[in-house]
Amino acid sequence: MKTVLITGCSSGFGLETARYFLDRDWKVIATMRTPREDALPRSEHLRVIALDVTDADSIRRALEEAGPIDVLVNNAGIGVLGALEGVPMTTARDVFETNTLGTIAMTQAVLPQFRLRREGVVINVTSSVTLMPLPLLSVYTASKAAVNAFTESLALELEQFNVRVNLVLPGRAPTTRFGENAQSRMRDSIPEAYAGLAKGVFEAWGLSTAVTHAADVAQAVWRAANDPSCPLRQAAGADAAALLQPD
Ligand SMILES: NC(=O)c1ccc[n+]([C@@H]2O[C@H](COP(=O)([O-])OP(=O)(O)OC[C@H]3O[C@@H](n4cnc5c(N)ncnc54)[C@H](OP(=O)(O)O)[C@@H]3O)[C@@H](O)[C@H]2O)c1
């Protein structure tokens, strides 16, 4: 029985992915900043472990507690929507600390065991915004585009050890807690000079019908974990799929 460790399982894609793997007889280590035993159905194959991907001690403790794993899913992430002039540098640093450096740190921490065993998969959840530029998302997009580039370079480095590194690019998923969780970073993030632009962006989102569901992401992560022939970049969700040209 294989073991997957997933970051950011308290809600959204991470929670659904944990459920999806549990239903398919994997051992799941669902990590959360604030562990909640009731978030997922009880199972002898489930362990809930505390993990903050921005904290080196937390990463070390979580991986010690987890023991050997077969697949790492770097899903934890935070968003910010705003004009660059309205996004303080402390916020930009927080976004990179979680989305980019958190992913790099987690990957670095699991690699020794994967390399020694000559087996393992790292799956990084980025975003379809890296495929089509949108206004008001410059910092968030940069944090995820960096992970795309990181993944593509690392995949070449690890091929020799039979370790795979894959990307899942979800589209816009209004049903997760992502938007709500980003609110605290968005005070004054749209200065008056950008109000007209923002109005147009929100109106366009209101009209778009193709969205991403958490199940789309869980399925793409499942494929990356189980199918060595799957493309390095997979879109998740109808809106993301429309943007990604097949390899
Ligand atoms: N929703 C979308 O439209 C969308 C689209 C494309 C890509 N994505 C990406 O998909 C991933 C999941 O997003 P989601 O939509 O499922 O949003 P979500 O419901 O807000 O889930 C994000 C998860 O990340 C966790 N997290 C945040 N900071 C963390 C940290 N420092 N250490 C560990 N966990 C942390 C959150 O935990 P807490 O509960 O502790 O905050 C939460 O469990 C993110 O990487 C996001 O950027 C989302």
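Every residue gets a number counted from 1 within its own chain, in the order that chain's sequence is written. Local features in this predicted model are restricted to residues whose pLDDT is 70 or higher, and side-chain atom pairs enter the listing and the counts only when it is 80 or higher, whereas totals over whole chains, interfaces and linings include all residues.

1. Description of the overall build of the protein
Note the threshold: Only DSSP runs of H or I with at least four residues qualify as helices, and only runs of E with at least two residues qualify as strands; both kinds are numbered from the N terminus onward. We take the radius of gyration over the C-alpha atoms and set the globule estimate at 2.2 Å times the residue count to the 0.38 power. With C-beta atoms placed from the backbone, a residue is labelled by how many other C-beta atoms lie within 10 Å of its own: buried for 20 or more, exposed for 12 or fewer, partly exposed between the two. In this description, any two residues whose backbone-derived C-beta atoms lie within 7 Å of each other are considered to be in contact.
Looking only at helices and strands, the protein features eight helices and seven strands. The C-alpha atoms of the protein give 18 Å as radius of gyration, which agrees with the globular expectation for 247 residues (18 Å, within 12%). Taking the principal axes of its C-alpha atoms as reference, the protein extends roughly 55 × 40 × 30 Å. The proportion of buried residues among the 247 residues of the protein is 41%. When contacts within the protein are restricted to residue pairs at least 6 apart in sequence, those whose partners lie at least 24 apart make up 71%.

2. Considerations on the environment of Thr107
Along the polypeptide, Thr107 turns up in helix α3 (residues 89-117). According to the C-beta neighbour criterion, Thr107 is buried, with 20 such atoms within 10 Å. On a C-alpha basis, the gap between Thr107 and Val122 in space is 7.1 Å, while along the polypeptide they are 15 residues apart. Here Thr107 is in contact with Leu72, Asn74 and Val122, once residues within four sequence places are set aside.

3. Comments concerning helix α6 (residues 195-207)
Keep this limit in mind: Take the residue count of a helix, subtract one, and multiply by 1.5 Å to get its expected span.
Between its first and last C-alpha, α6 extends 19 Å over 13 residues, near the 18 Å set by a 1.5 Å rise per residue. Counting buried residues in α6 gives zero out of 13 residues, a small share hidden from the surface.

4. Let's talk about the nonpolar core
Spelled out, the test is: Note on terminology: a nonpolar core is any set of buried Ala, Val, Leu, Ile, Met, Phe, Trp, Tyr and Cys residues joined through C-beta atoms within 7 Å.
Ranked by internal contacts, the top residues of the largest apolar core, which has 48 residues, are Val4, Val28, Ile123, Val168, Val217 and Val221. For this core, the element with the most residues is helix α7 (residues 214-226), which contributes eight residues. Contacts of Val28, omitting those with residues within four sequence positions, involve Val4, Ile6, Ala18, Phe21, Leu22, His45 and Leu46.

5. A word on the site of the ligand
Counted only if it meets this: Here, nearness means that the C-beta atom of a residue, built from backbone geometry, sits within 6 Å of the molecule or strand in question. Gly counts as polar in this scheme, as do all residues outside two lists: the nonpolar Ala, Val, Leu, Ile, Met, Phe, Trp, Tyr, Cys and Pro, and the charged Asp, Glu, Lys and Arg.
Neighbouring the ligand are 30 residues, the closest being Gly8, Gly12, Ala76, Gly77 and Thr176. Those elements that place two or more of their residues in the shell around the ligand are α1 (12-23), α3 and α5 (178-182). No other element matches α1, which puts three residues into the shell around the ligand. Partitioning the shell around the ligand into residue classes produces ten nonpolar, 16 polar and four charged.

6. A few points about the packing of helix α2 (residues 56-66) against α3
Keep this limit in mind: Only the stretch in contact is used when fitting a helix axis, every axis being a line fitted to C-alpha atoms; angles between N-to-C directions are given from 0 to 180 degrees. An angle counts as roughly parallel when it lies under 35 degrees, as roughly antiparallel when it exceeds 145, as roughly perpendicular when it falls between 65 and 115, and as oblique in every other case. When the near helix sits turned anticlockwise from the far one by under a right angle, the crossing is termed left-handed; a clockwise turn instead gives a right-handed crossing.
One can describe the packing of α2 onto α3 by two numbers: an axis separation of 11 Å at closest approach and a directional angle of 40°. Judged on the interaxial angle alone, α3 and α2 are oblique. Judged by the sense of rotation from one axis to the other, the crossing of α2 with α3 is right-handed. For the pair formed by α2 and α3, the contact residues are Ala56, Ile59 and Leu63 on the first element and Ala105, Met106, Ala109 and Val110 on the second.

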